[in-house]
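Secondary and tertiary structure notes
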Amino acid sequence: MTKKNKIKAIRGMKDVLPQDSSLWLSVEAICAEILSDYNYQQIKTPILENTQLFARSIGADTDIVSKEMYTFEDRNGDSVTMRPEGTASCVRAGIEHGLFYNQQQRLWYAGPMFRHERPQKGRFREFFQIGAECFGWPGADIEAELLSLTAQIFSRLGLKNTRLELNTLGDTACRADFRSALIEYLHDYKQDLDQDSLRRLDSNPLRILDSKNSEVQQVLMGAPDIHEFLSAESNEHFLRLKSYLQQLDITFSVNPRLVRGLDYYNDTVFEWVNEDYGAQSAVCAGGRYDSMVEQLGGPPTPCFGFAMGLERLIQMLQEQGAEIVQRSEPVQVFIVSIGEQARGQALRLQQLCCAEGIRVQLYCGSGSMKNQFKRADSSGAQFVLVIGEQEAATETVGIRSLQVREEQQIIAQNDVVNAVTNRLESL
Ligand code: ATP
Ligand code: MG
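Residues numbered from 1 in each chain as written. Chains lettered and ligands numbered in written order. Predicted model: local features only at pLDDT ≥ 70, side-chain atom pairs only at ≥ 80, totals over all residues. Heavy atoms only, no water.

The local shell around ligand 1 holds 17 residues, among which Arg115, Glu117, Arg123, Lys212 and Arg260 are the closest. In this structure, Arg123 approaches ligand 1 through a side-chain N or O atom, which is 2.8 Å from an oxygen atom. The separation between a nitrogen atom of ligand 1 and a polar main-chain atom of Phe124 is 2.9 Å. Protein coverage of the free-state accessible area of ligand 1, which is 580 Å², stands at 94%. Counting residues per element, the ones that place at least two in the shell around ligand 1 are β6 (126–135), β10 (282–288) and β11 (303–309). For the shell around ligand 1, the element with the most residues is β10, which contributes 4 residues. When grouped by side-chain class, the residues that make up the shell around ligand 1 number 8 nonpolar, 3 polar and 6 charged. (Near = heavy atom within 4 Å. Polar contact = N/O pair within 3.5 Å; in protein donor to acceptor, adjacent residues only side chain to side chain. Areas by Shrake-Rupley, 256 points an atom, 1.4 Å probe, with all protein chains shown as cover. Helix = DSSP H or I, 4+ residues; strand = E, 2+ residues; numbered from the N terminus. Nonpolar A, V, L, I, M, F, W, Y, C, P; charged D, E, K, R; others polar.)

On to the pattern of salt bridges, then. A complete count under the given rule lists 17 salt bridges for this structure. Note that Asp63 is salt-bridged to Arg200, the shortest N-O span being 2.6 Å. With Asp63 in helix α3 (residues 63–68) and Arg200 in helix α7 (residues 195–203), the pair connects residues that are 137 residues apart, well separated along the chain. Residue Arg423 pairs with Glu406 through a salt bridge whose shortest N-O separation is 3.0 Å. Taken together, the residues Arg423 in helix α15 (residues 416–425) and Glu406 in the loop between β15 (396–401) and β16 (409–412) connect sequence positions 17 residues apart. Taking relative accessible area as the criterion, Arg423 reaches 19% and is therefore assigned buried. One network of salt bridges, with partners in common, ties together Asp63, Lys67, Asp196, Arg199 and Arg200. (Salt bridge = Lys/Arg side-chain N within 4 Å of Asp/Glu carboxyl O. Buried < 20%, exposed > 50% of the residue type's maximum accessible area, 1.4 Å probe, protein only.)

Tallying each qualifying case throughout the model produces 8 aromatic pairs. In textbook terms, an aromatic cluster arises when at least three aromatic residues are bridged by ring pairs, as seen for Phe100, Phe135 and Tyr289. Of note, Lys14 hangs over the ring of Phe124, and the distance from its end group to the ring centre comes to 5.0 Å. (Phe/Tyr/Trp six-rings, centres within 6.5 Å; stacked < 30°, edge-to-face > 60°. Lys NZ or Arg CZ within 6 Å of the ring centre and 35° of its normal.)

Now for the sheet that holds strand β4 (residues 79–82). Spatially, 3 strands are ordered β2-β4-β3 in an open sheet, and the strand pairing comes out antiparallel. Either end of the sheet is taken by a strand with one partner, and the two such strands are β2 (48–50) and β3 (70–73). Pairwise comparison of adjacent strand axes, ignoring direction, gives a mean angle of 35° for this sheet. (Pairing = 2+ DSSP bridges. Axes fitted to C-alpha atoms, helices over the stretch in contact; angles between N-to-C directions.)

The subject of this paragraph is the state of the cysteines. By the definition in use, this model includes 0 disulfides. Sulfur of Cys31: no disulfide; nearest cysteine sulfur belongs to Cys284 and is 9.4 Å away. Cysteine Cys174 shares no disulfide, and the gap to the nearest cysteine sulfur, in Cys303, comes to 18 Å. The class of Cys174 is buried, set by a relative accessible area of 3%. (Disulfide = S-S within 2.5 Å.)

Written as C-alpha cells, this is what we have:
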C-alpha cells in the first residue's frame, strides 16, 4: 500500500496504546471505587442524542453548540449529535425514566465526548470524561460532598499541583443586575475586545469572563465583581460552602472571573486547575445548574455536578511520574509447550490458573523450545511451566522459577494450580 493510501485516525482523535492503557484502567477503577464509596450509582447513556437536547440545555450561542458539535442527519433525516458533554444526557434520561419525581439521585457516568475544537496538547476532538451529577439537593452540603469526592480522587491518584478555584454566579435575579453592569463597563473597552467577545457583548457578556485571550483578560481586571451583586441567599449559600470546605481541609481560592463556558450554571461553579498547562489547565470542572431539568420538561430539580477530563488527568500523572503510573501488573506464569498434545494441555492449565486469578501467558504459534524460553525469560513472569512430549504423555509438567536459579521440578498437571498458588504466596 502506498503511503498516500494509509488510513489514519481522524484529526484530534487518538488511540490509547497498550503502554498507556493499564494506567487508564487503574485511573478508571480508582474513580469508580471512590464514586461507589460515596454512594454514587452509574448511569450509561447513548453517545448519539437528538440535536435539540444540546441546543436547549447547553445554550444555542455557546461555542459548543454554535461551532463544535458533531451533528449530522441519520438515515431517516433526523438531526442527531454525538454528545459534547454528559450532563444533558443524564438530565434527559432522568426525565424520561421518572428519576426526578420525589426522588434524589447521585449519578455518575464515564465515556467519550466529542467537540470539533482546534486540537492541541490537552485538547482533543474526542476525549474521555468521568462525571457525576446530583439531583434534588439545593444546599451547599451536596456541593461540599462532591468537591470532597473529587479531592479524594486526586489524592488517591497522587496528583500534585492541582488547586481548587471557586466562584458563585448568584441566582437569576442578581445575575441580571451584574450582567447590565458588565455590559456597561465593557462598552467602554470595545476597541480592546476580540471578535468572540464583541459578538457576545450584548447576547452573553458573562461568557466574556471565560475568555482565554490575554488582552481581554487584561480588560477584565477592572470589571465589576459579581460578588457585589449577590442576593442575601446566594451570599449565605456561598459562605456555607466555604465553611464546609474549611472543615474538610480543602484549600481553595475564589476567582471572581470563573464563569465556565456553558449557559446553564447558577450559584456555585468550580474548576480544579494546574497552571503548568496554560489554556488547558482545567482537569475537572462543574457547578450548580438548577434550571436545566425544568427547561427540558421535567419537574423543578436542583442539580450539581462535575466532569473530569481523563486525557488531561492522565497526562499530568505521567508527567509528574505519579506512583500509579508504574502499577501495571506483570504476568506471573509463562507456559512453554512442544507438540499438539502438549499445547492442548497448556491451554487447559492456563484456563485453570486464570480461573484462580493467576496471570498467565501462553506461548502460541510454532517455536523451538529455545525460542519459547527466550520469550519466557523476557516476559517478567515468576515461573515457567514446561510441557514437552514426555510430560504430555504422562500428564505432568515441569515447573521452575524464572527469577532465581533452581532445578526444574516435575509435578502432576492436576497439582499445577495448587503448586503455583503456594509458590506465589511464599514469594
Ligand atoms: P476548557 O476551559 O479547557 O475548554 P471546558 O470548560 O470546555 O474546558 P467542560 O465542558 O467543563 O470543559 O469539561 C470538563 C473537563 O473536560 C475539562 O475540565 C477538561 O478537563 C475536559 N475537556 C473539555 N474539553 C476537552 C477537550 N477538547 N479535550 C480534552 N479534554 C477536554
Ligand atoms: Mg472548552
